[in-house]
Amino acid sequence: MDDPYHNNVNQQMTEGQDGYPYQTDYPPQDEDAASDATEGADDDDQMYEGEYQGVPHPDEIKEARRAARIEARRKARMATQQEEEEENLPEQYETIMEDCGHGRFQWMLFFVLGLALMADGVDGFVVGFVLPSAEKDMCISNADKGLLGLLVYVAMMVGALVWGGLSDKMGRRKCLIYVLAIDLIFSFLSCFAQGYGFFLFFRFCSGFGIGGSIPIVYTYFTEFLQMDKRGEHLSWLCMFWMLGGLYASFTAWGIIPHYGWGFAIGSEFQMHSWRLFILVCLFPALAALVGVVFMPESPRFLLENARHDEAWMILRQVHDTNWKAKGEPERVFTVTNIKTPQTQEDEFIEIQSDTGTAFQRWTVRHMTMLQQVMANVMSLSAPELRLQGLFLVIIWFCMAFSYHGLGVWFPDMIKYMQYEEYESKVRVFHRERVERFHFNFSLVNQIHREGEYVHDKFANIEIKSVKFENSLFENCYFEDIKSTNTFFENCTIKNTVFYNTDLWQEKFKNCRMENTTFLHPKKGCHLNFQEENDIVIYMVSFLGSLAVLPGNIISALFMDKIGRIRIIGGSMLASSACTFLLLLSFSQGAVICWQCLFYAVSVAAWNGLEVISVELYPSSKRGTAFGILNGICKFAAIIASFIFAAFIGITKIIPIFLAFAALVCGGLVALKLPETREKILS
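Quick caveat: nothing in here was measured; it's all calculated off a predicted structure.

Reading the values: the criteria
Starting afresh in each chain, residues are numbered from 1 along the sequence in its written order. Predicted model: local features are reported for residues with pLDDT of at least 70 only, side-chain atom pairs are reported and counted for 80 or more only, and whole-chain, interface and lining totals are derived from all residues. To obtain the side-chain values, all non-hydrogen atoms of the structure were used and water was disregarded. Put simply, DSSP marks the helices as runs of H or I at least four residues long and the strands as runs of E at least two long, and each gets a number from the N terminus on. In what follows, residue pairs with any heavy atoms lying within 4.5 Å of each other are defined as contacts. All accessibility values rest on the Shrake-Rupley procedure with a 1.4 Å probe; residue burial counts only the protein chains present in the view. Note on geometry: axes are lines fitted to C-alpha atoms, helical ones only across the stretch in contact, with angles between N-to-C directions running from 0 to 180 degrees. Oblique is the label for every angle not falling under 35 degrees (roughly parallel), over 145 degrees (roughly antiparallel), or within 65 to 115 degrees (roughly perpendicular). Two helices crossing with the near one rotated counterclockwise from the far one by less than a right angle form a left-handed crossing, whereas a clockwise rotation gives a right-handed crossing. Residues are grouped as follows: nonpolar covers Ala, Val, Leu, Ile, Met, Phe, Trp, Tyr, Cys and Pro; charged covers Asp, Glu, Lys and Arg; every other residue, Gly included, is treated as polar. Patch membership needs two things, relative accessible area over 30% and no salt bridge, and members are linked within 9 Å if like-charged or within 5 Å if nonpolar (Val, Leu, Ile, Met, Phe, Trp, Tyr). Throughout this description, the term salt bridge denotes a Lys or Arg side-chain nitrogen within 4 Å of a carboxyl oxygen of Asp or Glu. Here's how the labels work: a residue is buried when its accessible area is under 20% of the maximum for its type, exposed when over 50%, partly exposed in between, all with a 1.4 Å probe on protein chains only. For two strands to be treated as a pair, DSSP must find no fewer than two bridges joining them. An expected span of 1.5 Å times one less than the residue number is assigned to each helix. Here the bend at a residue is taken as the angle between two axes, fitted respectively to the seven residues that end there and the seven that start there. As used in this record, nonpolar core signifies buried Ala, Val, Leu, Ile, Met, Phe, Trp, Tyr and Cys residues forming a set joined through side-chain atoms within 4.5 Å.

Caption draft 1: View of the overall build of the chain. Within the chain one finds 21 helices and 16 strands. Sequence separation of at least 24 residues holds for 66% of the intrachain contacts in the chain that already meet a minimum separation of 6. Summed over its atoms, the accessible surface of the chain is roughly 33800 Å², and 59% of this surface lies on carbon and sulfur atoms.

Have a look at this one:
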């Protein structure tokens, strides 16, 4: 048997015969043994041979791995704890709201937020009502007139997106105060804007403000309601948008046609009655702003942001207010602790804001908040929210496309019918010769072709919708003329004087003038309040707003009984059937009748859609999601207004078919949504 020790020695001697035989004089040492030269030295003083090569020490690697495992376990425990707390918070909050009851506090908040919703409804009608007067008062062209309506809706769309997202980070109450304040300030300034550019800018800013009211109002009110009250009371809240339409229609009807209700300061500043109408329309927003100042923040928002003490105080206020009003002031708010989810966002902002100048702190805070809002938006694409979000986007778009498209089509169709009726009564004069005659009566709805007017006088008269074609005016005199839609085409005008008239160059098309004089022409555009403000349009808007009252009542009473999905799907499919009745619109009365029927049936879908939109999303994303959906609504309204208006006077079939297809599509998709009437707010 071989001796392993002697074999090892022989191997060492063989390897050491190159001049190092002394190495074999020492017996082999164990791997952990220390030499006499290093005995007693500290381990920290030893040089790790891999240090020069940048290789970590094995002890460092072990320590890093140990720290990583500890951190992973800590994060797992925190995630589990947060998940448990988030699961417990909704149930606990629902229990607290049931204990607080539904009473005086919710009704006070109901009316305050209702006024804010009413202000949004009023703003939706303001531009349409003032435009016929404003376009004459400020000489707005057809292209600029369309730009005003477009920019206001774009501003409301942007406002919904921005303020909806901010309400999840800044708070519902604070954002609603900002929204109403912006609307008030810029609407007030638009009353006094004399130039179209300033008027357009102020209305854009006003739209940006009030555009955020709907997402905030529904989110705010939802978080003060218990589960069995949400559907009904959110539906009652929707009625305030109807009241806004009634208020705007009634005040426009009573104010705008009265020219004498305005005033002027010099020749540069004119305050006509349509400006006074805008001023009166500020009252709902002003009342809402005053009311919101005295309302507390949403306690659910505070809990989501780990502000436990503030939320507890507000919940106790709600509890005490309701039970004192019910005659039970002795009832005590027994909740002592409310679970709140872990959040590091506010702490992060404070840490980042502790250093630097005031401007740097302001920049850090707001940039961080912007990043959080964008992260909230991106989180809506999470798998558990993606499918229901897609369904809601389709339903909101289809509903808004058909509703707002027909909302444009109804009044425009009535105007077109009025125009056709007016055109059918036009009087045509051919080759008439009038000499030395004094025209002291108004000329209305006439066409004069190849006429001759010699030594005639036109004084102190109104010329409306009159066209002179290929006619001769020789030695004529025009004085104090007020004209509307009047033109001279291919006419010859000789030795004629125009004194103090509003007949300027644009009224004469391809005309030849010889020795013609214009003295003291009336500058700018001039209003005719009796002609530019047809009360039929105000009546149509008033009846359309009033028609939604039965639908609002029915949807409120049955929202919690038959469910949101059946309300939305049934209302949209029934509305699609109503669109076929529009094919029978052969008179103004028929159009008004079918408009009222369509609005009455479709309003239930709007109510159900707004209720389910706030219930499907978690509290930390509720405002953001509702803002996006409301922004999509405004986007659909912009598209629909252009498409439906393009077919006025051409065909009724295409607009009706588009509205029908959109409503059927939205109604069928709505049946795929989950029912939320027994869902606790997550």
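Caption draft 2: Here's a closer look at the packing of helix α5 (residues 172-192) against helix α6 (residues 196-210). For the pair α5 and α6, the least separation of the axes is 7 Å and the interaxial angle reads 160°. When the axes of α5 and α6 are compared, the pair comes out roughly antiparallel. Considering the relative orientation of α5 and α6, their crossing is left-handed. Counting all contacts with α5, which are made through Val 179, Leu 180, Ile 182, Asp 183, Phe 186, Ser 187, Leu 189 and Ser 190, the residues of α6 involved are Phe 199, Phe 201, Phe 202, Arg 203, Cys 205, Ser 206, Gly 209 and Ile 210. For the contact of α5 with α6, the residue count by class is ten nonpolar, four polar and two charged.

Caption draft 3: Just a nonpolar patch on the surface, in detail. Residues Phe 283, Leu 286, Val 290, Val 293 and Phe 294 make up a contiguous nonpolar surface patch of about 510 Å² in total accessible area. Position of Phe 294 among the secondary structure elements: in the loop between α10 (283-293) and α11 (299-304).

Caption draft 4: Local environment of helix α9 (residues 273-280). Of all eight residues in α9, six are buried; the element is thus mostly enclosed. Every buried residue of α9 is listed here: Ser 273, Trp 274, Arg 275, Phe 277, Ile 278 and Val 280.

Caption draft 5: View of the pattern of salt bridges. Counted according to the given criterion, the structure contains 16 salt bridges. The salt bridge involving Asp 560 is made with Arg 564; its shortest N-O contact spans 2.7 Å. Overall, the relative accessible area of 22% leaves Asp 560 in the partly exposed class. Members of the salt-bridge network, linked through shared partners, are Asp 168, Arg 172, Glu 223 and Arg 622.

Caption draft 6: Main features of the pairing of strand β13 (residues 497-501). Bridging between strand β10 (residues 477-484) and β13 involves four bridges; their strand directions are parallel. Across the sheet, the residue bridging to Ile 481 is Thr 501, located in β13.

Caption draft 7: Representation of the environment of Phe 487 within the structure. As for its position among the elements, Phe 487 is in strand β11 (residues 487-489). In sequence terms Phe 487 and Phe 508 are 21 residues apart; their C-alpha atoms lie 6.0 Å from each other. Residues contacting Phe 487, with those up to four places away along its chain left out, are Val 466, Lys 467, Phe 468, Glu 506, Lys 507 and Lys 509.

Caption draft 8: Structural detail: the environment of Ile 414. The topology assignment puts Ile 414 in helix α15 (residues 383-424). Spatially, the C-alpha atoms of Ile 414 and Val 540 are 9.1 Å apart, while their sequence positions differ by 126 residues. Contacts of Ile 414, omitting those with residues within four sequence positions, involve Val 536, Val 540, Gln 588, Val 591 and Ile 592.

Caption draft 9: Highlighting helix α19 (residues 588-616). Compared with an ideal rise of 1.5 Å per residue, which puts 29 residues at 42 Å, α19 spans 42 Å between its outermost C-alpha atoms and is within 8% of the ideal. At Ser 602, α19 shows its maximal kink, close to 30°. Counting buried positions along α19 yields 23 of 29 residues, so the element is predominantly enclosed.

Caption draft 10: Broad picture of the nonpolar core. Among the nonpolar cores identified, the biggest contains 141 residues, and Leu 176, Tyr 218, Leu 237, Phe 277 and Leu 392 are the most heavily contacted of them. Examining the composition of this core, we find that 17 residues originate from one element, helix α3 (residues 104-137), more than from any other. Residues in contact with Leu 237, not counting those within four places in the same chain, are Phe 110, Leu 113, Gly 114, Leu 117, Val 217, Tyr 218 and Phe 221. In this structure, Leu 443, Ile 463, Cys 491 and Phe 498 belong to the second largest nonpolar core, which totals 19 residues.

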